[in-house]
Amino acid sequence: MEKLIPNHRRADAMTWEREITVEGAVFRVTISDDCKALHSAYVEGRAVIGLWDPEKENQSLAPSAYAVENLDDIDHIFLERVVRRRLDLPWIISRTSRLTVREMVPGDCLLIPDESEAGEEGRRFLKEKYLKDYIRCQYGFYEYGIWALEVSDGGRLVGKAGLSNLDLSMYPEFSSSIKKEDTPVELGYHIFSLYRNQGYAKEACQAILQYGAQEVSGQIYARIDRTNLASLKLAESLGFRLIAQGCSGSASGMCLYGWNC
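Residues numbered from 1 in each chain as written. Predicted model: local features only at pLDDT ≥ 70, side-chain atom pairs only at ≥ 80, totals over all residues. Heavy atoms only, no water.

Undergrad: Any chance you could explain the side chain of Arg81 here in plain terms?
TA: When you line up the elements, Arg81 lands in helix α2 (residues 76–87). With residues up to four places along the chain from it excluded, the contact list for Arg81 reads Tyr66, Trp91, Glu143 and Tyr211. (Helix = DSSP H or I, 4+ residues; strand = E, 2+ residues; numbered from the N terminus. Contact = heavy atoms within 4.5 Å.)

Undergrad: Please explain the pattern of salt bridges as it appears in this structure.
TA: Side chains bearing opposite charge may pair, as long as their charged atoms lie close to each other. With the rule as written, the count across this model stands at 22 salt bridges. Across the pair Arg46 and Glu17 runs a salt bridge, and its minimum N-O distance is 2.5 Å. Remark: Glu17 occurs in strand β2 (residues 15–22) and Arg46 occurs in the loop between α1 (35–43) and β4 (47–51); sequence separation between them is 29 residues. Overall, the relative accessible area of 21% leaves Arg46 in the partly exposed class. Between Glu19 and Arg28 there is a salt bridge whose closest N-O contact spans 2.6 Å. Salt bridges here are not isolated pairs; linked through shared partners, they connect Glu17, Glu19, Arg28, Glu44 and Arg46. (Salt bridge = Lys/Arg side-chain N within 4 Å of Asp/Glu carboxyl O. Buried < 20%, exposed > 50% of the residue type's maximum accessible area, 1.4 Å probe, protein only.)

Undergrad: Is there a simple way to think about the packing of aromatic side chains in this case?
TA: Aromatic ring pairs are reported here in terms of the distance separating the ring centres and the angle at which the planes meet. Under the criterion given, the structure shown has nine aromatic pairs. By the ring-pair criterion, three or more aromatic residues cluster together here, those being Phe125, Tyr130, Tyr134 and Tyr139. Above the face of the Trp91 ring, Arg81 is positioned so that its terminal group lies 4.3 Å from the ring centre. Residue placement shows Arg86 over the ring face of Tyr42; its charged tip is 3.7 Å from the ring centre. (Phe/Tyr/Trp six-rings, centres within 6.5 Å; stacked < 30°, edge-to-face > 60°. Lys NZ or Arg CZ within 6 Å of the ring centre and 35° of its normal.)

Keep in mind these values describe shape, not function.
Now the structure itself:
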């Protein structure tokens, strides 16, 4: 449900309120070009959206994390995202036949096993402070990242997967193979050892690629160690194609794969 409620507080300020139902509860969102109205609503615990007026000089929309120029830019999905960000509710990326792909929550650090193959970067998710900062900064700014893979029937966490900014600092030879996106992204996944060989990786990655193509980028990359035969096979089954090989950052060599929607 979504309802628009006009609430004009001053002649020179425009303020609206919208109601939206998220996970069975009704939330009111304040939309305004007036920082006082935004601040008041925020203090009350509401989600807020700034209404940017290009004709106003030095306009402040604090403390809103989201701003639009026109009310028509606020659809149901946008409104729900703003509410979830304000209330620290995870965004649901996709639901497959067996999995729910969702944003992580701080408590997930207790459910992630300490497995060496996750690498130094992956093991950082074991720390609650890091995970909280990741949720706030990565999801809050980019709206994508590494997500939790949860079995829909029972809620078990079986792995993590998602889209990350592609870092080529260790592989400069790959740079010429990258298309000129502002922020190229790569697919990554880690299925926990107890749940491997059950098709979860492919099921999750297919859903993530579909979401990524619609919401992030039509060109997605994957870096895979050439000795990791299982991941190479998975990438090819998902439609990735080898576009470059390098060895500067890995003793065994690294393959760069590309995927187009």
